[in-house]
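Below are the chains, spelled out letter by letter.
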Amino acid sequence: MSSKKGLTRRTELRRNLWRSMRIMMKFTLSELAATSGAGYSNTCKFVSGLRRHGYLVAVFGYTGGKPGIGQQYRLVGMNGPEYPTTCSRCGQALSEPCETERETEGGSHES
């Protein structure tokens, strides 16, 4: 029963993270964790999976005009209201490596 409750909580957190990403479009991990209510570690794991499969790209340069404040990320395309659970290119779960080589660095997953 506790695993079902954990799964429900994880789903809720990922929905909140995804919603925050879609609203902000460009964000740091700290901003995303604060606006979604998810912990920093969970935010890092979810962002890592999305980035690995091309749903997010790192924004290079200064953040807020000062170096070292935090890496910003940008959502690639509008991918719908529900967070992705599998890669649309390779079919793997977001926690797994993407098996499709990226043709461009920020390949879009628009649907």
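For the structure, see preceding data.
In this text, all values refer to a predicted model and were calculated from it rather than measured experimentally.

Here is what the cut-offs are and how they apply
Residue positions are given per chain, counted from 1 along the sequence in the order it is written. Reporting in this predicted model follows two pLDDT cut-offs: at least 70 for local features of residues, and 80 or more for side-chain atom pairs to be given and counted; totals over whole chains, interfaces and linings ignore these cut-offs and use all residues. Only hydrogens and water are removed before side-chain values are computed, so all heavy atoms of the structure are retained for them. Salt bridges, as used here, are contacts in which a Lys or Arg side-chain nitrogen is within 4 Å of a carboxyl oxygen on Asp or Glu. Each helix is a run of H or I in the DSSP string that is no shorter than four residues. Each strand is a run of E no shorter than two, and both are numbered from the N terminus. Partly exposed residues are those whose accessible area sits between 20% and 50% of the maximum for their type, while under 20% is buried and over 50% is exposed, using a 1.4 Å probe and protein chains only. Here a polar contact is recorded for every N or O atom pair within 3.5 Å, except that within protein the pair must consist of a potential hydrogen donor and a potential acceptor, and residues adjacent in sequence are included only if both atoms are side-chain atoms. Contacts: residue pairs with any heavy atoms within 4.5 Å of one another. Strand pairing requires that DSSP identify at least two bridges connecting the strands.

Caption draft 1: Representation of the pattern of salt bridges within the structure. Counted under the stated rule, the structure contains two salt bridges. Put simply, Arg9 and Glu12 hold a salt bridge, and the shortest N to O gap is 3.7 Å. With Arg9 and Glu12 both in helix α1 (residues 2–24) and three residues apart, the pair spans about one turn of that helix.

Caption draft 2: Representation of the side chain of His53 within the structure. Within the secondary structure, His53 sits in the loop between α3 (40–52) and β2 (56–59). A relative accessible area of 0% means that His53 is categorised as buried. Of note is the side chain of His53, whose polar atom sits 2.7 Å from the backbone oxygen of Glu96.

Caption draft 3: A look at the environment of Met25. Position of Met25 relative to the elements: it lies in the loop between α1 and β1 (26–28). Contacts of Met25, omitting those with residues within four sequence positions, involve Tyr73, Arg74, Leu75 and Met78.

Caption draft 4: Looking closely at the pairing of strand β3 (residues 72–75). Here three bridges tie β1 to β3, and the two strands are oriented antiparallel to one another. Bridge pairing links Thr28 to Gln72 in β3. Taken together, the four bridges between β2 and β3 define a ladder with antiparallel strand orientation. Paired with Val59 across the strands is Gln72, a residue of β3.

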